[in-house]
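Residues per chain, in single letters:
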Amino acid sequence: MILYLHGFRSSPSSFKARVMQAHMDQLGRSAEFHSPALSPSPAEAIAQAQAIIADTAPEQLTIIGSSLGGFYATWLAEQYGCRAVVVNPAVKPPRELESYVGVTTYYHSDQVFEFKAEYVDQLRALAISGITRPERYFLMAATGDEVLDYREMISFYAGARQLIIEGSDHGIAEFADHLDLVLDYCDGRSA
């Protein structure tokens, strides 16, 4: 099973989620791919993910997370002992999202939602000081990320497999070029 967790203000309609879904469909593996619309509440988003993966053995699970979804994927990988692919992951989201408290919209629609101050506290409760077993992680980071500092990602995921993309952007526009690497990692074919 592959669980894809989108980032803050994003959705299953994001570029990476759609590309991944299309690739899985093309391989005849669409039943293995899950990409839920996550709640703005971090506690609820984690509960959503846990409900999806509840009966999946850790060795049969990979969580892919982008940006804030990478933060969630890391927390879940630490809890469940599964693999995680983190794509330009948020390393310190309480710091990065504190300024977003209030009403905002999703990137892929005009739908309005409120990011509450209590959500920052929920993020703090999910923070971990570091990863265990770095071999469980595959970091994809772009040096041109305009939202998050790729150097913090490299440091936080020290010892993990790392693909550092020169230039690019926060969304990793060339994500489709790396799908085979991602899928090999998800399937446990490369470490």
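Here, the structure is the one placed above.
Since the structure is predicted, the reported quantities are computational estimates derived from the model, not experimental observations.

**Remarks on unusual backbone geometry**
In most cases, non-glycine residues show a negative phi, while peptide bonds are predominantly trans.
And step 1. In this model, Asn88 sits at a positive phi of 40°, which is unusual for a non-glycine residue.
And step 2. Within the secondary structure, Asn88 is located in the loop between β4 (83-87) and α4 (93-97).
And step 3. Look at Asn88 and you get buried, because its relative accessible area is 0%.
And step 4. For Ile172, which is not glycine, the phi torsion reads 50° and is therefore positive.
And step 5. For Ile172, the position within the fold is in the loop between β8 (161-165) and α7 (179-186).

**Focus on the sheet that holds β4**
And step 1. An order of β2-β1-β3-β4-β7-β8 is seen for the six strands of this open sheet, with the pairing classed as parallel. The open sheet has two free edges, formed respectively by β2 (33-34) and β8, since each of these has just one partner strand.
And step 2. Of the pairings in the sheet, the one linking strand β1 (residues 2-5) to strand β3 (residues 62-66) comprises four bridges and is parallel in character. Counterpart to Ile2 in the pairing with β3 is Thr62.
And step 3. Each of β1, β3, β4, β7 (137-142) and β8 touches α7; the most contacted strand, β4, lies at about 155° to it.

**Observations regarding the pairing of strand β5 (residues 102-105)**
And step 1. In terms of strand pairing, β5 meets strand β6 (residues 112-115) through four bridges, oriented antiparallel. Residue pairing in the sheet places Thr104 in a bridge with Phe113 of β6.
And step 2. Between β5 and β6, which pair antiparallel and follow one another directly, the connecting turn spans six residues.

**Thoughts on the packing of helix α1 (residues 15-26) against α7**
And step 1. Running from N to C, α1 and α7 point in directions that differ by 70°, and their axes come no closer than 12 Å. With respect to α7, the axis of α1 lies roughly perpendicular. Residues Val19, Met20, His23 and Met24 of α1 touch α7, and the partners they reach there are Leu179, Asp180, Val182 and Leu183.
And step 2. Class assignment for the residues of the contact of α1 with α7 results in six nonpolar, one polar and one charged.

So, how was this worked out
- Residues numbered from 1 in each chain as written.
- Predicted model: local features only at pLDDT ≥ 70, side-chain atom pairs only at ≥ 80, totals over all residues.
- Heavy atoms only, no water.
- Helix = DSSP H or I, 4+ residues; strand = E, 2+ residues; numbered from the N terminus.
- Buried < 20%, exposed > 50% of the residue type's maximum accessible area, 1.4 Å probe, protein only.
- Pairing = 2+ DSSP bridges.
- Contact = heavy atoms within 4.5 Å.
- Axes fitted to C-alpha atoms, helices over the stretch in contact; angles between N-to-C directions.
- Parallel < 35°, antiparallel > 145°, perpendicular 65-115°, else oblique.
- Nonpolar A, V, L, I, M, F, W, Y, C, P; charged D, E, K, R; others polar.

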